[in-house]
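# A structural walkthrough
Listed here are the chains, written in short residue letters.
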Amino acid sequence: MRKAISACVAAIEIYNKPIMPHRDETFAMLAVNAWELLLKARLLKEAGNKLKAIQVIEPVTGKDGKPTKRLRVKLNRAKNPQTISLGEAMRRVAALPKQKLDKACEANIVSLMEIRDNAMHFLNDDPEMARRTHEAGAACIRNFVVAAGEWFDEDLSQHRFMILPLSFEAATAPGLAVPGRRSQQAANLMAYLDRAGDMYPVTAGSRYAASVKVETRIVGARNADATPVRITGGPAAPEVRLTDEQVAAGWPLDYAAFCARIRKRLPGLKINQAFHDAVRPMKTQPRYVFRRRLDPRDPKCTVYKEFFSDAAVDAAVKALEPLTLP
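Scoring rules and cut-offs
- Residues numbered from 1 in each chain as written.
- Predicted model: local features only at pLDDT ≥ 70, side-chain atom pairs only at ≥ 80, totals over all residues.
- Heavy atoms only, no water.
- Helix = DSSP H or I, 4+ residues; strand = E, 2+ residues; numbered from the N terminus.
- Buried < 20%, exposed > 50% of the residue type's maximum accessible area, 1.4 Å probe, protein only.
- Contact = heavy atoms within 4.5 Å.
- Areas by Shrake-Rupley, 256 points an atom, 1.4 Å probe, with all protein chains shown as cover.
- Expected span 1.5 Å × (residues − 1).
- Arc of directions from axis to C-beta.
- pLDDT = per-residue confidence, 0-100.
- Phe/Tyr/Trp six-rings, centres within 6.5 Å; stacked < 30°, edge-to-face > 60°.
- Lys NZ or Arg CZ within 6 Å of the ring centre and 35° of its normal.
- Axes fitted to C-alpha atoms, helices over the stretch in contact; angles between N-to-C directions.
- Left-handed = near helix turned anticlockwise from the far one by under 90°.
- Salt bridge = Lys/Arg side-chain N within 4 Å of Asp/Glu carboxyl O.

### Examining the overall build of the protein
On a plain count of helices and strands, the protein comes out with ten helices and four strands. Along the protein, helices (α) and strands (β) appear in the sequence α-α-β-β-α-α-α-α-α-α-α-β-β-α when read from the amino end. Within the protein, buried positions represent 34% of all 326 residues. A fraction of 66% describes how many contacts in the protein between residues 6 or more apart in sequence connect residues 24 or more apart. Entry remark: accessible area of the protein is about 21,100 Å², with carbon and sulfur atoms responsible for 54%.

So this is what it looks like as structure tokens:
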């Protein structure tokens, strides 16, 4: 069990390095190793620590070359006792009368095995695989912590068992990889991982999972008790009224300050028709622009003033930067 924990910690350590070639594949290899060790530890525990519970037993071959009724422990190339495969360990733990291997957890381990095998035999040169591996990996760590607690009463909180999110935006952005350029092997693997996640969806009472999606969001509120909301124009959305302080915090810039911030970051930029054409589409997006009546008390007031968020400055700079290039 201690060795299983060490392998899982090593998998997390490798995955959480910001720049680590082959990190997704290495994580899968170490995570699968961790599960194989943990499952075999469970079988040993159930058998009173008798090693034969995880050893491969084979019939002794007679002088005529045929198997006899006598049995022996099969030896590996180094002449050491050979232990059962991960698949066999999963099958035996799943057949135990109590605290058997959960089906969703089993599907997650098989998903990691597929990622590992694909890395061994093919080239995982597909950015979208990073998201799939993270989803399987997040579920793997969660399952491992739960199983260690249930099977061995082991608290793993001291090890900070967690894998970091992919990023705020890049690796989870739609259209990251062009499907037409995807190898058939990668497409087959990702389809398999998707099926495993769909077959065992996470529910409120789930302790184990085949796949876990982790979302990273940026929220403006600093209050820990604040209720997170997303701005939407949907007709069925509940109405939320923002205070003057909330508007000032979320959209602190008037038009003059908005232009000044952009020109500070893009020296030499001209406020011309090209500028207005680039900024105009942003005004329809609530995250960038908040339109407020000059007289909020008068529902008939048709004169509005626009306020811009810091995110609007970033988006505008990205759109206008080509205009400043020589």
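### As for helix H6 (residues 184-199)
For H6, built from 16 residues, the straight-helix expectation of 22 Å at 1.5 Å per residue is met to within 8% by its first-to-last C-alpha distance of 22 Å. Every buried residue of H6 is accounted for by Ala186, Leu189, Met190, Leu193, Ala196 and Gly197. Burial along H6 is one-sided: seen end-on, the buried residues are contained in an arc of 120°. Looking at H6, the residues exposed on the side facing more than 90 degrees away from the buried face are Gln184, Asp198 and Met199. Contacts from the buried residues of H6 go to helix H4 (103-121) and helix H5 (128-152).

### Points about the confidence of the model for the protein
Any region with low pLDDT has predicted coordinates that should not be read closely. Of all residues in the protein, 81% have pLDDT values of 70 or greater, and the mean over the chain is 81. Element-level mean pLDDT values for the protein span from 72 in helix H7 (residues 244-250) up to 96 in helix H3 (residues 86-94). Scored below 50 in pLDDT, residues 168-180 makes 13 contacts in the model with residues more than four places away or belonging to other chains.

### What to know about the environment of Met90
Along the chain, Met90 falls in helix H3. Each C-alpha atom of the pair Met90 and Trp35 lies 9.3 Å from the other, and the pair is 55 residues apart in sequence. Apart from residues no more than four positions distant in its own chain, Met90 is found in contact with Leu39, Leu101, Glu106, Ile109, Val110 and Met113.

### Re the environment of Tyr304
Tracing the chain through its elements places Tyr304 in strand E4 (residues 304-308). For Tyr304 and Arg292, which are twelve residues apart along the polypeptide, the C-alpha to C-alpha distance reads 5.3 Å. When neighbours within four sequence positions are excluded, Tyr304 is seen to be in contact with Arg291, Arg292, Arg293 and Leu294.

### A closer look at the packing of aromatic side chains
Scanning the model with the defined rule gives seven aromatic pairs in all. With a centroid separation of 5.9 Å and 50° between ring planes, the pair formed by Tyr255 and Phe308 is classed as tilted. Pair noted here: Tyr255 is in helix H8 (residues 255-265) and Phe308 is in strand E4, with a separation of 53 residues, a long-range link. Judged by relative accessible area, which is 0%, Phe308 ranks as buried. The interplanar angle of 10° and the centroid separation of 4.1 Å between the aromatic rings of Phe258 and Phe308 together place this pair among those described as stacked. Placement of the pair is Phe258 in helix H8 and Phe308 in strand E4, with a sequence separation of 50 residues. Its end group placed over the ring of Tyr15, Arg23 keeps NZ or CZ at 4.2 Å from the ring centre.

### Considering H5
For H5, with 25 residues, the first-to-last C-alpha span of 36 Å sits near the 36 Å given by 1.5 Å per residue. Where H5 ends, the next residue or the one after it, Asp153, has phi of about 55°, a positive value.

### Looking at the packing of helix H1 (residues 2-15) against H5
Close contact between H1 and H5 brings their axes to 12 Å; oriented N to C, the two are set at 150°. The handedness of the crossing between H1 and H5 is left-handed. Residue-level inspection shows Ala4, Ile5, Cys8, Ile12 and Tyr15 of H1 in contact with H5, the latter providing Ala130, His134, Ile141 and Phe144.

### What to know about the pattern of salt bridges
According to the stated counting rule, one finds 17 salt bridges in the structure shown. In this structure, the salt-bridge partner of Arg23 is Asp24, at a minimum N-O distance of 3.8 Å. Neither Arg23 nor Asp24 differs from the other in exposure class; each is buried. Through salt bridges with shared partners, a single network forms among Glu88, Arg91 and Arg92.

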